[in-house]
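Residues per chain are reported as follows:
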Amino acid sequence: MVNITLNNRIVKGIYNNENDIDAFLGIRYADLKYGRFKHSELITSLPKSVDATFFNNIPPQPYNQLEDFFSSGVYFHFNQFTQDEDCLYLNIWRRHHSQNKTRPVIIYFYGGGFVNGHGSAELYQPQSVVEQEDVIVVTFNYRLGSWGFLDWSFFNSNYECNNGLSDQINAIKWVHHHIKNFGGDPNNVTLIGQSAGSMSIMALMQLPETESYFHKVMLLSGTLRLDSRKIGYEKAQNFSEIIAENYPNSTIDSLTTENIMNIMNLDQTTRGQSKGLELIYAPIQTSSMTMNNPNFSKPIFVSYTQNEGDIYIKNESRKLSPDRFVKAMAFNGVEIEISDAISAQQQSTCITDYIFQQPAHDFLKSISHNPNRWLASFQWHQPNNTYYHSAYHILDIVFWFGHLDILKANGLDVTTHERELSMKMIHDLAYFARFSKMPWLPYQVGHTTPHIYD
């Protein structure tokens, strides 16, 4: 057990003497004071004693097979976490013994297509990071699916959109106000996110409200395409029609968590198979998003994997029909010919090129005034291994967080090379958090190839 004092309140955490790491789990950072369809409110007061020794509720969401795959089997499986709309909790990891009283702070935003994910998943637990590097890592939950990213103002003008973004804003505000009590530096905060987490950070980068709460960003495998208010309205209208058909005697306020999950499932089903390429729920453009890309001047690191699309289209038996694939790509603003979407390899390559790699380069070019840019490509893979035959979407997180035990659990013989690669990536993560730069040359348009992690 380890205790810290926070605003004259005691926060009780866990001390692991085997690796000299403290963990403070399940701390409430915001609540739904004004209702489930509105922005959350930052917690400003605490009970006399906070038990931060266990993971708390995670956001309601469908079963996530990937979470169980990216697990060593030692920790919780997906179905062992309690899902509840009361889910706005964060977790903090640090070294127990440290000579540094103001450690760099890293806040991780999980991915999952704005439908899945939570800050307690094994893949995102940063024990290896804080054991190797003297930094503080924070993970947290934000609302997902319709709760987080449907425009509820369609139903009631008192309700709001981008509720999930409001949760994220409150998480970084909570860290700013309180992380010093845990030994962290509120003036040196790095936001890092993968996939939908990266897109979330890009949305926050456009909000003046957040500017003073973070100091650099790491965007892994995800470039934001905001929904327009019109698209958000149309998605809410479709949601409303499903409610009317399946719950004709219910108001939105009377819908249960299970009802809403079922409506989300019906919404997905009626659209047709998309392999997660169509983001039904996503951040919506608002008038408060006034800081567009050319104005962003903070240090920024961008990365992608060599074969992002292979996790979506694994083989010929898992591909979409060419016509459906063309429609899914059009949903992402990418126009291709059916002749370019016949084989699984074509589809996977289109996803890698047009949804991940090209947008990453376009984004870096859009902030050409900013000299503090870095680009990397994760390329590690084992061609003869069933599970790791290519460097697909999400696989890099295993190395960023040092979870090589997950590779072992899936039958891979982890060698010195894998261990050294992970240690190198963790070092670079901490170096960026500490010094606001990478230990290699910045990105220059037309002159820089990505830094390779392989």
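Please refer to the structure higher up on the page.
Residues numbered from 1 in each chain as written. Predicted model: local features only at pLDDT ≥ 70, side-chain atom pairs only at ≥ 80, totals over all residues. Heavy atoms only, no water.

**A word on the overall build of the protein chain**
When you go through the protein chain residue by residue, the secondary structure sums to twelve helices and 14 strands. Scaling as 2.2 N^0.38, a compact globule of 454 residues should have a C-alpha radius of gyration of about 22 Å, and the protein chain matches this with 21 Å. Dimensions of the protein chain, computed from the C-alpha atoms along their principal axes, are close to 60 × 50 × 45 Å. Among the 454 residues that make up the protein chain, the fraction classed as buried is 56%. Contacts spanning at least 24 positions in sequence make up 77% of the contacts within the protein chain whose residues lie at least 6 apart. Put simply, the protein chain shows about 18,600 Å² of open surface, and 48% of that area lies on carbon and sulfur atoms. Across the protein chain, the 34 positively charged side chains and the 45 negatively charged ones have centroids separated by 6 Å. (Helix = DSSP H or I, 4+ residues; strand = E, 2+ residues; numbered from the N terminus. Rg over C-alpha atoms; globule rule 2.2 N^0.38 Å. Buried < 20%, exposed > 50% of the residue type's maximum accessible area, 1.4 Å probe, protein only. Contact = heavy atoms within 4.5 Å. Areas by Shrake-Rupley, 256 points an atom, 1.4 Å probe, with all protein chains shown as cover. Lys, Arg positive; Asp, Glu negative; His and termini not counted. Charge placed at Lys NZ, Arg CZ, Asp CG, Glu CD.)

**Notes on the packing of helix H6 (residues 229–246) against helix H7 (residues 257–271)**
Viewed as axis vectors pointing N to C, H6 and H7 meet at an angle of 115 degrees, and their least axial separation amounts to 10 Å. Between H6 and H7, the crossing angle belongs to the class labelled roughly perpendicular. Crossing geometry of H6 relative to H7 is assigned as right-handed. Only Ile260, Ile263, Met264, Leu266, Asp267 and Arg271 of H7 make contact with H6, whose side of the interface consists of Lys235, Asn238, Phe239, Ile242, Ile243 and Asn246. Class assignment for the residues of the contact of H6 with H7 results in seven nonpolar, two polar and three charged. (Axes fitted to C-alpha atoms, helices over the stretch in contact; angles between N-to-C directions. Parallel < 35°, antiparallel > 145°, perpendicular 65-115°, else oblique. Left-handed = near helix turned anticlockwise from the far one by under 90°. Nonpolar A, V, L, I, M, F, W, Y, C, P; charged D, E, K, R; others polar.)

**A look at the packing of helix H4 (residues 163–178) against helix H5 (residues 196–204)**
Between H4 and H5, whose axes approach to 11 Å, the crossing angle comes to 80 degrees. Classified by the angle between their axes, H4 and H5 sit roughly perpendicular to one another. Each of Leu165, Gln168, Ile169 and Ile172 in H4 lies in contact with H5, whose residues at this interface are Ser200, Ala203 and Leu204. When the residues that make up the contact of H4 with H5 are grouped by side-chain class, the tally is five nonpolar, two polar and no charged.

**Observations regarding H6**
Between its first and last C-alpha atoms H6 spans 26 Å; for 18 residues at 1.5 Å apiece the expected length is 26 Å, and the two agree. Among the residues of H6, Gly232, Lys235, Ala236, Phe239, Ile242 and Ile243 are the ones counted as buried. The buried residues of H6 occupy an angular sector of 115 degrees when projected down its axis, which confines them to one face. Set apart from the buried face of H6 by more than 90 degrees, the exposed residues are Lys230 and Glu245. If you follow the buried residues of H6, they end up packed against helix H3 (145–149), H7 and helix H8 (322–331). (Expected span 1.5 Å × (residues − 1). Arc of directions from axis to C-beta.)

**Some remarks on the state of the cysteines**
Tallied over the entire structure, the rule returns zero disulfides. In this model Cys87 remains outside any disulfide bridge; the closest cysteine sulfur is found in Cys161, 18 Å from its own. (Disulfide = S-S within 2.5 Å.)

**Digging into helix H12 (residues 416–435)**
For H12, spanning 20 residues, the distance from its first C-alpha to its last is 28 Å, which sits close to the expected 28 Å at 1.5 Å a residue. Directly after H12, the chain includes Ser436, whose backbone phi takes a positive value near 65 degrees.

**Here we look at the environment of Ile426**
When you line up the elements, Ile426 lands in helix H12. Separated by 296 residues in sequence, Ile426 and Val130 place their C-alpha atoms 9.3 Å apart.

**Some details on the environment of Val130**
In this structure, Val130 sits in helix H2 (residues 127–132). When the C-alpha atoms of Val130 and Asn262 are compared, they prove to be 39 Å apart, with 132 residues separating the residues in sequence. Apart from residues lying up to four places away in sequence, Val130 is in contact with Ile21, Trp93, Arg94, Arg95, Val135 and Val137.

**Digging into the nonpolar core**
Formed by 148 residues in total, the largest nonpolar core has its most connected members in Ile92, Ile107, Phe182, Met205, Phe301 and Trp400. By residue number, the principal contributor to this core is helix H9 (residues 344–366), which donates eight residues. Sequence-distant contacts of Phe301, that is, excluding residues within four places in its chain, are made with Val217, Met218, Leu219, Leu220, Trp374, Ala376, Trp400, Phe432, Met438, Trp440 and Tyr453. (Core = buried A, V, L, I, M, F, W, Y, C linked by side-chain atoms within 4.5 Å.)

**Some words on the side chain of Ser303**
One can find Ser303 in strand S12 (residues 300–305). The residues contacting Ser303, other than those within four sequence positions of it, are Leu219, Leu220, Ser221, Ala376 and Asp396.

**A few points about unusual backbone geometry**
Residues other than glycine seldom take positive phi values, yet Asn7 does so here, at roughly 50 degrees. Examined against the element boundaries, Asn7 turns out to sit in the loop between strand S1 (2–6) and strand S2 (9–16). Asn7 sits in the partly exposed class, given a relative accessible area of 43%.

**Topic: the pattern of salt bridges**
Side chains that differ in sign of charge can pair as their charged atoms come close. Scanning the model with the defined rule gives 15 salt bridges in all. A salt bridge links Arg94 to Asp22, with the nearest nitrogen and oxygen atoms 2.9 Å apart. One end of the pair, Arg94, is in strand S7 (residues 89–95); the other, Asp22, is in strand S3 (residues 21–28), and 72 residues separate them in sequence. Comparing Arg94 with Asp22, the two get one shared label, buried. (Salt bridge = Lys/Arg side-chain N within 4 Å of Asp/Glu carboxyl O.)

**Considering the packing of aromatic side chains**
Evaluation of the coordinates by the stated rule reveals 32 aromatic pairs. On the basis of an interplanar angle of 25 degrees and a centroid distance of 3.9 Å, the ring pair of Phe37 and Trp152 is categorised as stacked. Taken together, the positions of Phe37 in the loop between strand S4 (30–31) and strand S5 (41–42) and Trp152 in the loop between H3 and H4 put the pair 115 residues apart, joining distant regions of the chain. Judged by relative accessible area, which is 0%, Trp152 ranks as buried. Between Trp152 and Phe239, the ring centres sit 5.8 Å apart and the planes meet at 80 degrees, which makes this aromatic pair edge-to-face. With Trp152 in the loop between H3 and H4 and Phe239 in helix H6, this pair connects stretches of sequence that are 87 residues apart. The burial state of Trp152 is the same as that of Phe239; both residues are buried. Over the aromatic face of Phe214 sits the side chain of Lys298, whose NZ or CZ is 4.0 Å from the ring centroid. (Phe/Tyr/Trp six-rings, centres within 6.5 Å; stacked < 30°, edge-to-face > 60°. Lys NZ or Arg CZ within 6 Å of the ring centre and 35° of its normal.)

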